Structures are given as C-alpha cells and as structure tokens.
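# Structural characterization, general
The residues making up each chain are set out below.
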Amino acid sequence: MCGIAGFWNPHGLNEDHARDILTGMTDAIRHRGPDDCGSWIDAASGIALGFRRLSILDLSPAGHQPMESETGRYAIIFNGEIYNFQELRRELLARGHQFRGRSDTEVLLAAVSAWGVEAALQRFNGMFAFALWDREHRTLHLARDRAGEKPLYYGWMGDTLLFGSELKALHAHPAFRGEIDRNALASFFRRGYVPGPYSIYLGIQKLPPGTFLTLRGDRPVAGIAPVAYWSAREVAERGVAEPFGGSAAEATEQLHELLRDAVKIRMESDVPLGAFLSGGIDSATIVALMQSQSPTPIKTFTIGFHDSKDNEANQAAAVARHLGTDHTELYVTPAEALAVIPRLPILYDEPFADTSQIPTFLVSELARQRVTVSLSGDAGDELFAGYRRHRLGSAIWRGIRLLPLPLRRAVAAALSPNGNHPGSLAHTINRLTRGLTGKRSLTERLRQTADILPAQSTEAVYHYMMSYWKHPTEVVRGAREMLLPATDPKQWPNLRGVPEHTMMYLDLVAYLPGDILVKLDRASMGVSLEARVPLLDHRVIEFAWRTPLSFKLRGGVGKWVLRQVLDRYVPRHLVERPKHGFHMPIATWLTGPLRDWAEALLDERRLRDEAVLEPKVIRQKWAAHLSNETRWDYDLWTVLMFQAWNESRAQVEQPAHVA
C-alpha cells in the first residue's frame, strides 16, 4: 500500500524544478508510505512520477518505485496489491520473462508488457490505482480497481495533468486551482460524501472504479473518457438473468470456497498482519477463515464503548475466544472520540460526513500499533442484503405504489412541516404526540412520511433513504444537482423490477465506493495501515449477484447464505443479535460538548460573508435542533464537516514552486 502522485505537461519540463514540485506532492501524502520515496522524470516528454512506499511485499530495494519494466518501455507508480500475482508470475516465467525481485509491481509491469493494458487489467485480482507511462508511444494510462478500493484523482489545470492518491498531493502543484464545485457540494449535502466521478474541486475528477484512461500528448484531450474493463452493471444484469441453479447447500459450499481463497490470497504479506473484528457476521466470517488457514493465532482488533447500548466489544471478544485469536480491544471514552473530530477535515481531504469515520480511524490506529496490514469485513451488507433499507425500503415501495400518486401527494402535503401551522393536521398531530410522549421521534416520522410518499420509483425511495439534505440546492448558493451513474435512469440496469436488487446495485456503484471505501482508505492510510477487503474479490461480487435473493433474504433476515458459511466456524448465538454498528451520539454532542465549536462554524455572519451557503435555512435547523423541537443532526453534520474542511484547506496548501 502506498501513495502516488504525478503530473504531465506534453510541452516538456525543467527537470530540476519538476523534481522540486514532485517532492512537495509526495511529501503531502507521506502518511500513505512512510518507508521509502522515489521519483522518475522524463523531462522531454513532460512526465513526472512520484511515489511514497509502505513496504508490504518484497521489502528489498527490488520493490522500490517508480519502477521500470524489463525492457525499459514502461514506468509505473502503483498503489495497492495484485493478490494473484504469484499465479501470474508463474505464467509469465513460463513465457520466458525474467524477474529481478519478488514484488507484485514487477509482475504488473510484465503482465502489461505481455498482454497489453486492458487484457492485463482483466487478469488482475486486486485493489489498485496506478499511473503507467509508455515511453514508446508517449502515452499515459491511469487505472483503478473494479470496486474502487483505492482512490485516484486526476484533472487538467491549464496545460498540465495532475494525478494522485489524494487531493493533498494535487494541492502541492503550483498549477492547482482549488475552486469549489458548487454542484458537487450540493451532491455532498445530499449524500454525505462527494460522489464520483466528481470531486469537490472544479476540473478534478475521480477515476471511476473498473476503468482506465489513456492519454496521448499528440492528440486532443477533450472528450476522452475512461474505458470500462469491468462493469458492475453487466455483472448485476447477468447475475439476475442467469442465477445460480444449485441448492442452498451448494451455494453455501461455493461461497465458502470462494471466500476461503479470497482470504488466503489477502494474507500474503512480508509484514505483520491482522484483522478488524466487530463481532458481527461479516468480520467474524473473515476472521474465522483467516484463523482456519493460519498456524498461529491471528491478531484481531476491536473498539468498544462504555455505553452498553452501542457496545459490541463483548461479542467480538467472545468470537475471538472461540476462534483462538490474539485479541486486542480498546474502550474509547467520549473525550477520545471527540478528539478525533478536529483531524477529520485534513484526514479525509474532501468534505465527508459519515460519523463512523471516527471509530474507523480509532480502530485503525489501534491495529497499527501491532500490524501493518489488516483485513476488513466491509461489503457483506451491500452484496448480501444486510442493510435494513434492503427490507424496509423495498416494503415501503411495494406499499406506497399501490396508492394513486395524487392521493399520496395530498397526504404528504397535509403532513408536511411546511403545512405545520396552528390548526393544520401536521401541527395538531405533532402537538399531541409530543405532549403524550415527550419525544420528538414521532414528529420526525411524520416528516419522513411526508417526504417519501410522493416517490415514483424504487430508485427514488433509495435516494430518499440515503439522503442527508432532502433538498440540497436550498442550502448551496447557485448549485444544481448533477446526474450521476446512480441517479441517471439511462445508466440503470435491468434487474427485473426487484426492489432489493435495485438497492443493492445502487449500494455497489454509489455508496460503497463513495462512502464505505473512502472511509476505510483514509482512516487506515492516515495511520500508515493497509486495509484489505476479501468480500470485494471480484469473484465474490460476481457470485453474490448470481445468488438468488431467497439465499440472501430469508425470514426477514439478510445475509442468509453468508451466515451459513459462518455457522461452520462460530456458534450462532455468539453473532446472532441486532446490528448496532459504530454509533456516534452526534445529536447529543451538538447540544453539549460540540456546541461552541458548531456555533462558531454556523455563525450567521460568517456564513453570509463566505457566500457559499444559505444562512437562513441552516440557522433555522440549528435553532430547532438546540430547542429539542426535532433532530437535524445529519443535516447539520454535513454543514459542519464542510465548514471545518473549508477552514482547514490552508493547512494542506503548499508554497508555490516556479516551474
């Protein structure tokens, strides 16, 4: 695992100045690779490649990057792991290729030399982002793994193409212009993350998962789009059209074998390795498969909370004892969790509002004290219908679509907070329910009902359930929401009208790469820890889509087939319990220990002077939240994360260099 950065000006470079700039770019992402650094420059061609190394495989100098191919035709900077590199290495040796070291980077270069870029990408099983320079054709290739585990930003600033693992690296180039994209910001306020292919900055994009981009200096760059070498849409459509035809027992056996191998190849490491263990189905399955293939106790790590309602550490410890792992747990106090918040804007590089970023960082920090690589159970919910929304959202859509749309709109208008004036139905119900219960949850449910009733598709229900701000353009001045792969009907797959499939697909192409994997990458790499996700082995993804829905959802419970795999290793009572996840009491913190911090960021004069956000709607929600009238913590947290990020930008901007 590493960090990459570079730039390309087809008109050529001054080598000394380019090296100074490149050093600044790689220094900005030193946390991704503290063990080594390197640079490679072809001044005449205008290409500069920079690298920070976290040594995992082949710790010798033979693993140093940037690396050139055996013939010298290619030069590469590569972030990630090719898990099947040993198999590819044997195949390439049989073809007569010679290797100098044992790294997967060298195998990647040899594979490209033997088969070409696209064919090589289709053979790789891994997580990666790389920049590959072809000296012979003066061509630059950028590529990213299928699921989007590893990040890659790129964009033209004038005559120069900038690219790198994090925006920090791009900031350090003198051509960088950090103008906020207000449309992307509106998407952030809806989703809590900036969805690809956009970034928070105008002119800078995220390379989509499963694609590569090829650029030549002698051809116009306008209109050149990434090319897909793997398509989640095609995988989903093919899986639903041609489902697994065997029995549930046969499906369980096949998934078991796939997961065993996915875990095994991700245990390849020349440095200490462990796993995150929450005690839930996904992480317990990964840990069980690791321990079954390890001659010694594997190291496992858990974060606990003293509030028993949200604490899963006891269950994780019970699973660890049963499996015989070398277990470490850390009970986090509210003060320790709060102390992470000031670090979030710089750590995440873009506005990011998923509050589980806090415990994810803390468990990464804990693991890094003993290991350099940690396996994670992420993606089980997205692939095997584990989220409540897969059941609830589908039920909501099946229910409301039976009612005529005009009737739904009329009921929504009656319940809407906009009609919550004395004498209205909403006002009367709100007053009665709050008077009887002393709570505001029923008021919120009425508001949510009013919002969701007019939905006209499964996708609309999903996007409502996944939204922070339901109308984000009302808070971002001069913004409009852009069509995304997940919101453009032209890009939706044919999933036979099954709502659960639709929601899992949108998770795979939007929520997973935009939220979950960003959270994991920045939290782990922020402490120089490599995180690996066996459930995102593309073979597992493809099999999950072939698995019939009845093998995922059964008796109102998700992840049924995954549970059958785990049953072979762990007694059901140790993991069968309601899912809590890492809950952060943001709503309470905003009226308590975070109130002064939040008030400063939400100051009306400040908002007005900055002229990006609309102060009125923000201040209204802040006042309602403080008065305990209704909860607005999700909406307010996105504003606070943007404001804190915007305030911190000066801290990552580097002094300009003269090119």
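To be clear, the structure that these remarks concern was listed above.
Residues numbered from 1 in each chain as written. Predicted model: local features only at pLDDT ≥ 70, side-chain atom pairs only at ≥ 80, totals over all residues. Heavy atoms only, no water.

Before going further, it helps to examine the overall build of the chain. The number of helices and strands found in the chain is 28 helices and 17 strands. On C-alpha atoms alone, the chain measures out to a radius of gyration of 25 Å, which is about the 26 Å that the 2.2 N^0.38 rule sets for 659 residues. In terms of its C-alpha atoms, the chain occupies a principal-axis envelope of roughly 80 × 60 × 45 Å. The contacts in the chain between residues at least 6 apart in sequence include a share of 74% that link residues at least 24 apart. When the accessible surface of the chain is summed, it comes to about 25400 Å², and 51% of that surface belongs to carbon and sulfur atoms. On the chain, the mean spot of the 76 positive side-chain charges and the mean spot of the 75 negative ones are 5 Å from each other. (Helix = DSSP H or I, 4+ residues; strand = E, 2+ residues; numbered from the N terminus. Rg over C-alpha atoms; globule rule 2.2 N^0.38 Å. Contact = heavy atoms within 4.5 Å. Areas by Shrake-Rupley, 256 points an atom, 1.4 Å probe, with all protein chains shown as cover. Lys, Arg positive; Asp, Glu negative; His and termini not counted. Charge placed at Lys NZ, Arg CZ, Asp CG, Glu CD.)

With that settled, the discussion passes to the packing of aromatic side chains. We describe a pair of aromatic rings using the distance from one ring centre to the other and the angle between the two ring planes. Tallied over the entire structure, the rule returns 16 aromatic pairs. For the pair phenylalanine 176 and tyrosine 201, a centre-to-centre distance of 5.1 Å together with 90 degrees between the ring planes defines the contact as edge-to-face. In this pair, phenylalanine 176 is assigned in the loop between helix H5 (167-171) and helix H6 (182-191) and tyrosine 201 in the loop between H6 and strand E10 (205-206), connecting sequence segments 25 residues apart. Judged by relative accessible area, phenylalanine 176 falls into the buried class, the value being 8%. Where phenylalanine 244 meets phenylalanine 543, the ring centres are 5.6 Å apart and the plane angle is 75 degrees; that geometry is what we call edge-to-face. Of the two residues, phenylalanine 244 sits in the loop between helix H7 (232-241) and helix H8 (248-265) while phenylalanine 543 sits in helix H21 (residues 538-546), which places them 299 residues apart along the sequence. Phenylalanine 543 matches phenylalanine 244 in its accessibility class, with the two residues each being buried. (Phe/Tyr/Trp six-rings, centres within 6.5 Å; stacked < 30°, edge-to-face > 60°. Buried < 20%, exposed > 50% of the residue type's maximum accessible area, 1.4 Å probe, protein only.)

A separate point is the sheet that holds strand E1 (residues 2-8). Strand order in the open sheet made by the 6 strands is E2-E3-E1-E9-E8-E10, with antiparallel pairing throughout. Pairing within the sheet leaves two strands with one partner each, and these edge strands are strand E2 (36-42) and E10. Across 2 bridges, the pairing between strand E8 (residues 153-157) and E10 is antiparallel. In the strand pairing of E10, tyrosine 153 is matched with lysine 206. Packed on one face of the sheet, helix H1 (residues 15-27) meets E1, E2, strand E3 (47-53) and strand E9 (160-164) and runs near 145 degrees to E1. (Pairing = 2+ DSSP bridges. Axes fitted to C-alpha atoms, helices over the stretch in contact; angles between N-to-C directions.)

Read from one edge of the open sheet, 6 strands run E4-E5-E6-E7-E11-E12, paired in antiparallel fashion. Here the strands that pair on one side only, and so sit at the sheet edges, are strand E4 (67-68) and strand E12 (227-228). Taken together, the 6 bridges between strand E6 (residues 126-134) and strand E7 (residues 139-144) define a ladder with antiparallel strand orientation. When the bridges of E7 are listed, tryptophan 133 appears paired with leucine 140. Along the sheet, helix H3 (residues 104-115) contacts E4, strand E5 (74-82) and E6; its crossing angle with E5, the most-contacted strand, is approximately 120 degrees.

Further remarks concern the nonpolar core. In this structure, Leu185, Phe189, Trp545 and Leu613 are the most contacted members of the largest nonpolar core, which totals 194 residues. Top element by residues in this core is helix H20 (residues 499-525). It accounts for 14 residues. Contacts of tryptophan 545, omitting those with residues within four sequence positions, involve Val235, Ala236, Gly239, Val240, Leu495, His501, Met504, Tyr505, Leu508 and Lys552. With 21 residues, the next largest nonpolar core counts Ile47, Phe51, Phe163 and Leu215 among its residues. (Core = buried A, V, L, I, M, F, W, Y, C linked by side-chain atoms within 4.5 Å.)

Turning our eyes to something else, we now look at the state of the cysteines. Taken as a whole and judged by the stated rule, the model has 0 disulfides. Sulfur of cysteine 2: no disulfide; nearest cysteine sulfur belongs to cysteine 37 and is 12 Å away. Owing to a relative accessible area of 6%, cysteine 2 belongs among the buried residues under this scheme. The exposure class assigned to cysteine 37 is partly exposed, which follows from its relative accessible area of 41%. (Disulfide = S-S within 2.5 Å.)

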